[in-house]
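Residue strings, one per chain:
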Amino acid sequence: MTSTDVLDVRAKARREKRKRQVFQVTYLLLGLVFFFLVWWLISLEGSPFYYAIPSPLDTWRHFWGNLGTSQDMRIKFVHACPDLHPDNVNNPFRQVTSSLMGWKYTADTAIASGGPSPVPIGQLPGYCYGYGIHLLVTIVRILIGAALGTVLGLTIGLSSLVFPQVAQVFTPVASFFGTAPIFIAAPFFVIWFGVEIPIMTTIGLVTFYTTLLMYFFSRRAAENIPVGIVESALTLGGTPRSIFRWVYLPGTVPEIAGGFRIALAGAWGLGVLVEVLGIQVGGGHLIDIWRFLIGQIQAPAALVSLITFYGLLAVIVDGILLVIIRFITRWSEAGRRLGL
Amino acid sequence: MSRVVRFEGLWCVFEHRSGQLVNALQDVTFDVQSGEFVCVVGRSGHGKTTLLRVLAGLQPPTAGQARLGDQVVEGPGADRAMVFQQDTVFPWLHVRENVEFGLRAMNVSDKEREKTTDRWLEAVGLTDFADSWPRELSGGMRKRVALASAMAVGSDVILMDEPFGSLDYFTRRNLHEVLLDLWKETKKTIFFVTHDIEEALILADRVILLAEGRLVDDIPVRLPRPRDEDVRASAPSVEITKTILAHLGITEEEATKV
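All of these numbers come straight from a predicted model, not from anything done at the bench.

### Observations regarding the overall build of chain A
Counting its regular elements, chain A contains 15 helices and 0 strands. Each of the 340 residues in chain A was classed as buried or not, and the buried ones make up 36%. Across chain A, contacts joining residues at least 24 apart in sequence account for 74% of those joining residues at least 6 apart.

### Considering the interface of chain B and chain A
Taken together, the contacts link 25 residues of chain B with 19 residues of chain A. When residues of the side of chain B that touches chain A are traced back to their parent elements, those giving at least two are helix H2 (95–105) and helix H4 (139–152) of chain B. Counting residues per element, the side of chain B that touches chain A draws most heavily on H2(B), which supplies 4 residues. Here the residues of the side of chain B that touches chain A are counted per class, giving 17 nonpolar, 5 polar and 3 charged.

### Regarding helix H3 (residues 110–123) of chain B
One full turn of an α-helix is made of 3.6 residues, so residues set three or four places apart face in the same direction. Residue and element names in this part refer to chain B. Spanning 14 residues, H3 covers 20 Å between terminal C-alpha atoms, matching the ideal 20 Å at 1.5 Å per step. For H3, the complete set of buried residues consists of Thr116, Thr117, Trp120 and Leu121. Along the axis of H3, the buried positions cluster into a sector of 130°, meaning they face one direction only. Those residues of H3 that are exposed and aimed more than 90 degrees away from the buried face are Lys111, Glu112 and Lys115. Contact partners of the buried residues in H3: H2 and H4. Looking one or two residues past H3, Gly125 carries a phi angle of roughly 75°, positive in sign.

### Quick notes on the sheet that holds strand S7 (residues 157–161) of chain B
All names here are of chain B. Here 6 strands make up an open sheet; going across it, the order is S6-S7-S8-S3-S9-S10 and the pairing mixed. Of all the strands in the sheet, the pair left with one neighbour each is strand S6 (82–83) and strand S10 (214–220). In the sheet, S6 pairs with S7 via 2 bridges, with the strands oriented parallel. By the bridge assignment, Val83 is partnered in S7 with Met160.

### Re the sheet that holds strand S2 (residues 21–33) of chain B
Residues and elements named next belong to chain B. Here 4 strands make up an open sheet; going across it, the order is S2-S1-S4-S5 and the pairing antiparallel. Since the sheet does not close on itself, it has two edges, and those belong to S2 and strand S5 (71–72), each with one partner. Sheet analysis places strand S1 (residues 3–15) next to S2, joined by 9 bridges and oriented antiparallel. When the sheet's bridge partners are listed, Phe14 is paired in S2 with Val22.

### Observations concerning the nonpolar core
Core analysis: the largest hydrophobic core is formed by 131 residues, its most contacted members being Leu55(B), Ala148(B), Ala150(B) and Phe191(B). When residues in this core are grouped by element, the largest group, 13 residues, is from helix H12 (residues 240–277) of chain A. With sequence-adjacent residues up to four places away left out, Leu55(B) is seen in contact with Val5(B), Ala66(B), Val73(B), Arg80(B), Leu159(B) and Phe191(B).

### So, H4(B)
Residues and elements named next belong to chain B. The terminal C-alpha atoms of H4 lie 20 Å apart, and with 14 residues this matches the ideal 20 Å at 1.5 Å per residue to within 8%. Most of H4 sits out of view: 12 of its 14 residues are buried. All buried positions along H4 are accounted for by Met141, Arg142, Lys143, Arg144, Val145, Ala146, Leu147, Ala148, Ser149, Ala150, Met151 and Ala152. On its buried side, H4 packs onto S6, H2, H3, S7 and helix H5 (169–186). Where H4 ends, the next residue or the one after it, Gly154, has phi of about 80°, a positive value.

### Comments concerning the environment of Gly75(B)
Residues and elements named next belong to chain B. One can find Gly75 in the loop between S5 and S6. Among the residues examined, Gly75 registers 9 C-beta atoms within 10 Å and is labelled exposed. Between the alpha carbons of Gly75 and Gly165 there is a distance of 26 Å; along the sequence they are 90 residues apart.

### Concerning the pairing of strand S3 (residues 37–42) of chain B
All names here are of chain B. With 6 of 6 residues buried, S3 lies mostly within the body of the structure. Neither face of S3 is left uncovered, since the one carrying Phe37, Cys39 and Val41 and the one carrying Val38, Val40 and Gly42 both have all their residues buried. Here S3 runs beside strand S9 (residues 206–211); their pairing, made up of 5 bridges, is parallel. Paired with Val40 across the two strands is Ile208, which belongs to S9.

### Details of the packing of H3(B) against H4(B)
All names here are of chain B. Contact pair H3 / H4: the axes reach a minimum separation of 9 Å and the direction vectors enclose 140°. The pairing of H3 with H4 is recorded here as oblique in orientation. In terms of crossing hand, the pair formed by H3 and H4 is right-handed. Listed contacts from H4 to Thr116, Thr117, Trp120, Leu121 and Ala123 of H3 are Ala148, Met151 and Ala152.

### Comments concerning the confidence of the model for chain B
Mean pLDDT over chain B: 92, with 97% of residues reaching 70 or higher. Overall fold confidence for the complex sits at a pTM of 0.78, while the interface term, ipTM, reaches 0.92.

Procedures and definitions
Residues numbered from 1 in each chain as written. Chains lettered and ligands numbered in written order. Predicted model: local features only at pLDDT ≥ 70, side-chain atom pairs only at ≥ 80, totals over all residues. Helix = DSSP H or I, 4+ residues; strand = E, 2+ residues; numbered from the N terminus. Buried ≥ 20, exposed ≤ 12 C-beta atoms within 10 Å, placed from the backbone. Contact = placed C-beta atoms within 7 Å. Nonpolar A, V, L, I, M, F, W, Y, C, P; charged D, E, K, R; others polar. Expected span 1.5 Å × (residues − 1). Arc of directions from axis to C-beta. Pairing = 2+ DSSP bridges. Core = buried A, V, L, I, M, F, W, Y, C linked by C-beta atoms within 7 Å. Axes fitted to C-alpha atoms, helices over the stretch in contact; angles between N-to-C directions. Parallel < 35°, antiparallel > 145°, perpendicular 65-115°, else oblique. Left-handed = near helix turned anticlockwise from the far one by under 90°. pLDDT = per-residue confidence, 0-100.

Right under this line is the structure:
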């Protein structure tokens, strides 16, 4: 084989890798198209779901229209919400930015409108605000909880490899809570921390749940590293520190990363569930409000749009995570399949 | 030649799940001289790997001791790097990082580490694959990585536990040549466990024969090198083979049938 032939073979391999990547994106897009097509079909008049499920377009219109300031909700609770500046109501971009910037900016524009404020600004009920800020608050809470739980779970799990006493203390506790579905613990968290400290309740529960999962995954990942590899490291002069750094840390990444995906997927559901149970701000609270207003014409679109938002968000975040994980673990079989 | 390894009245007794005691090693005593290529031969389950693991410090003996120089072996260390039967190359490290592992653990400076790694990668013919992942290499190439990693840490004694057992005939022969070249060049002491008599005859200065955990014979192999087919078919070589087979309880007729 000449060097030109070798170059040809390599170019062909690169082309095939790109082809595989194009196929993967195409399948993903086809899946999305299929999802929206089925949704649209079951929302058509004549379908048994016609009254329960609005079309994707109506859902989107409702979601976008309520993202910055939710007029649909404010109308129901008009006595409790101050007027907002017309610019805020009519300009979707302004709605989103005002929501993202937080309560203060929204409050300032409310005052600027000259309208009376029946309650202190910043302490308005959740239904006075658009969906954007609620959804953002939930996302931030869940991500903080998942990050805290991951750090805690990994610290406890990996340190238990070095200090077996940690495992002796923590494993029975984790096993006890781990055997009961975490969703059973959710109401207790709401009662314990109450709706007064929503940050503690949502973040606390997600942290607790993620810590348990990541503890088990990190332990299992370390146990699954072949003994021969650790022994080989020892005979090459590996110290506990170098073995931890160069064997256990990289070797446990695939399983820990897989565990994190599972934990985060559960955390979305768990975080929203806790908010539905009584927290006054967040996407789950919006679902609770619309559940209360179920007789209203906008309710199906509101509920479907919020649920779809979280579903799509979870899928998108998981997809991003998957790409990152595959890059980090490109040494493994998964990396090979992706052509990295 | 000076003595580098000594086994003194070594016993290793394991308790089987049934409660029965199994003597993996029974009163094994012998010395290994510096620069020797020693092959430990025996049937499966007759104590070869246990003997090696005791010397590696991975298995404490029940009685007796293994000595490396004047030191009693009490744990693993880079002075006895080991190449294992199974694939123990770190899959998450590039080939270069694998070879560097022991040097990193010993806090060798970056410059020295790079120089040493390059040297051993070249010695095993993997310079062009330094930045490859182990999964991109064949089984034989991964064994070369393991061999380079063991050589790079600079230990005087290299332990090898049936390292080429899972490879095909041609790859194995190729790796025998690589190993013998390295041995000649470095004068390291190599302690090689195998159940393959032909492999022992190609490689060894001396064959230690184990049967049921006992040292049953210590056979010097004074055949000329390189030990090609002609040498292995010569009368002295055949004589050694017959001796080994007899000790293992296999007649020539049985061996031919196998």
